[in-house]
Amino acid sequence: MAANDLTTNGSGPAVRCRGLVKRYNDVVAVNGLDVEVGRGDCFGLLGPNGAGKTTTIEILQGLLPPDEGSVELLGLTWQRNERELRQRLGTQLQETKLPDKLSVLETITLFRSFYDKGVPVAEVLAKVGLQEKSAAWVSKLSGGQRQRLAVACALVCDPDILFLDEPTTGLDPQSRHQLWDIIQDFRARGGTVVLTTHYMEEAERLCDRVAIVDHGKVIAQGSPSQLIASLGAEHVVDFALEEGAAALPEPALLALPGVTGVHTDAGKTRLTVTRAHEAMPALMTLLRDRNAALTELTTHRATLEDVFISLTGRHLRDE
Amino acid sequence: MSETRYSAIRELTLWRVREFLREPEAVFWVFAFPVLLSFALGIAFKSRGPEAVRVAVVPGPDAVVVAAMIESDSSVVAVLVDSITANNQLRTGRVAMVIIPTDPIVLRFDSTREESHLARLVVANALQRVSGRRDAIDLREQRVTEVGSRYIDFLIPGLLGMNIMGTGMWGIGFAVVKARSGKLLKRFLASPMSKSQYLLAHILARLVFLALEVGSVLLFAVLVFDVPVRGSLVGLSLIVVLGAMAFSGLGLLVASRSRTVEGVSGLMNLVMVPMWIFSGVFFSSANFPDAIQPFIRALPLTALNDALRAVMIDGEPLARTAGLLAVVTAWGVGSFVLALRLFRWR
């Protein structure tokens, strides 16, 4: 049929949205959000639960109308090009319960049948590593297998853009890595990915660009390494002192070599540090001079989590 | 590589059919239960003819003779008991009359009770006849127990109608609400699948099972109870299909907004229970007062049951049921259109 009509390549980036606003009664879920995703990029919306990530990704997919703002995908809009867009997007939504009593093969075939063009079902089955489960009912699958099946249903139309809403939430590390491989494989073929996550590691591993979202707004945007660099430090040192010990004055800590920031919260002190090999001995000397004993000391390379903490003073996940 | 042709309608319909067949409980309730129910009711209400009238004869010189005279009529059973027991049994209704075999013979009974009244006629007649009374005029009896006028003949079309309503509404209503609460509808919405494909597939899957579920009850009724199918089978099939469509539409309407299975169950009962009661499934809807007859006649199940009975039992031509079928169709079209407007996909 008219398969060629569907590959019209409008100009512009894969995703461009401006000034998105979405309110639910009194709650503003998305509050003036701008995002732009280049073709072939992997873009991550990173933020805590309730930040507005899901609402945003559902607006992008034309499942929710925004109260304000504009959305353009592949140079097309939902108002004018819904039919074409639906053919070209692959979707995995949060908490979709696929039919229990269908087999894996039947489920993928069902979704394949909705699209004019796509990938042969057997090929998708192999891509997500579910060949051996082909005849198994969905109800018999593990959490990780179900999630791979959900992604298979998104990949079966050979999409230009793949939308993934928290694709690995609640999965064990092995299943998570399997999904990452599938996503990277899709990217290697030139596909664009937009995903939401609250796992830093996932965003750093998969995404070229990340938007950190809080209270419905983008509070920082860039590549993971740029964002981490914006902290002005590569390392983070956390320590706590014995109970009753006098807190170390902030200026004294800031005066240590290589220390760029100090943050104290509930008896714990966090230092952002450029040169750990200079800062650590100096910190030890300071502690000995003041007769303060440590009860806790950890150090790690700065992550997106630290970026979020430095921007909001809160952790991404409630632990 | 040759590209397989995929059809969304076919795959969606297959999904519905598979989901149903892979649920053994659903298969039981749709296919086995109606057959069991019609069997149980058919047995319970099997036509037996009137029961024999029981009377008591108390002791006396001629007690045995009198009892024998009375029992010359085969519809009376006379028991010999002492007078205290006899009076007790008369009071509690175990016997319809107490006979004291003196001269003259005394018949003790409660004239306000129907069976006592009957006993009085039958016993007096038997005694007189045996004692030599001659009939003044000749009477000829013609006994009738016609196929088509028994309870089971009334019941089977009603059960068919009830079944068509139940499976249509539950089958579609539950599936839709389950898909909505599991966010599957939303996932479908994100794909190019069209809404009409989804709804049409439900109805097609419904038709696949309709033939089986109606056929099984009908075949059972014909083979086991000798229930007649007097009108044309084509006409009957058409009525069944129309009924199924109408209740699919109603099921869709009831399920158009509910997000939980509990919520939709309540609504389903609200819609179906009045029809179980009023629409003449187990007993004729003519038993209800005239004032509410217009309401009863407007119900889709009443119209469906009446149409089924007209064609199946009375052998009416299909054209004679046009008015009833118009009611059924109006419900189907109306609820379908309304359901499409109200339908919530997420």
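Because the structure is predicted, anything quoted here is derived from the model rather than measured.

A. Broad picture of the nonpolar core. In terms of nonpolar packing, the biggest core is built from 145 residues, with A:Ala152 and A:Val194 touching the most fellow members. Element by element, the count of residues in this core is highest for helix H6 (residues 151-181) of chain B, at 14 residues. Setting aside residues up to four positions removed in sequence, A:Ala152 forms contacts with A:Ile108, A:Val124, A:Leu125, A:Val128 and A:Leu130. Listed in part, the 20 residues of the second largest apolar core include B:Val53, B:Val57, B:Ile70 and B:Ala119.

B. How the structure looks around the interface of chain A and chain B. Facing 22 residues of chain A, the contacting portion of chain B comprises 19 residues. Classifying every residue of the side of chain A that touches chain B gives 9 nonpolar, 6 polar and 7 charged.

C. Local environment of the sheet that holds strand S12 (residues 268-273) of chain A. Residues and elements named next belong to chain A. The strand order across the open sheet formed by 4 strands is S11-S12-S10-S13, and the pairing between neighbours is antiparallel. One side of each edge strand has no neighbouring strand; the edge strands of this open sheet are strand S11 (259-265) and strand S13 (294-301). In this sheet, neighbouring strand axes are inclined to one another by 15° on average, regardless of whether the strands run parallel or antiparallel. Note that S11 and S12 share 6 bridges and pair antiparallel. Note that in S12 the partner of valine 262 across the bridge is leucine 271. Contacts from helix H10 (residues 276-289) reach strand S10 (235-241), S11, S12 and S13 within the one sheet, and its direction differs from that of S12 by about 145°.

D. Focus on the packing of helix H5 (residues 143-155) of chain A against helix H6 (residues 173-188) of chain A. Residues and elements named next belong to chain A. Two elements in contact, H5 and H6, have axes whose closest approach is 9 Å; the angle formed by their N-to-C orientations is 15°. Compared by their axis directions, H5 and H6 come out roughly parallel. As for the relative orientation of H5 and H6, their crossing is right-handed in sense. Note on element contacts: H6 touches H5 through Ser175, Gln178, Leu179, Ile182 and Phe186, opposite Gly143, Gly144, Gln147, Arg148, Val151 and Leu155. Broken down by class, the residue content of the contact of H5 with H6 amounts to 5 nonpolar, 5 polar and 1 charged.

Quick notes on the rules
Counting restarts for each chain, with residues numbered from 1 along the sequence as it is written. Just so you know, chain letters begin at A and ligand numbers begin at 1, following the order they were written in. For a predicted model such as this one, the threshold for reporting local features is a pLDDT of at least 70, and the threshold for listing and counting side-chain atom pairs is 80 or more; totals across whole chains, interfaces and linings nevertheless cover every residue. In this description, a nonpolar core means buried residues of the types Ala, Val, Leu, Ile, Met, Phe, Trp, Tyr and Cys, linked to one another by C-beta atoms lying within 7 Å. Exposed residues have 12 or fewer other C-beta atoms within 10 Å of their own C-beta, buried residues have 20 or more, and residues in between are partly exposed; the C-beta atoms are placed from the backbone. In this text, helices come from DSSP runs of H or I with a minimum length of four residues, and strands from runs of E with a minimum of two, each type numbered from the N-terminal end. Whether two residues are in contact is decided by their C-beta atoms, placed from the backbone, lying within 7 Å. Gly falls in the polar group here, along with every residue not listed as nonpolar (Ala, Val, Leu, Ile, Met, Phe, Trp, Tyr, Cys, Pro) or charged (Asp, Glu, Lys, Arg). When DSSP finds at least two bridges between two strands, those strands are taken to pair. Axis definition: a line fit to C-alpha positions, over the contact stretch in the case of helices; interaxial angles, taken between N-to-C directions, run 0 to 180 degrees. Any angle that falls under 35 degrees is termed roughly parallel, while one over 145 is termed roughly antiparallel, one within 65 to 115 roughly perpendicular, and all others oblique. In this scheme the handedness of a crossing depends on how the near helix is turned from the far one: anticlockwise by less than a right angle means left-handed, clockwise means right-handed.

Geometry only, nothing functional implied.
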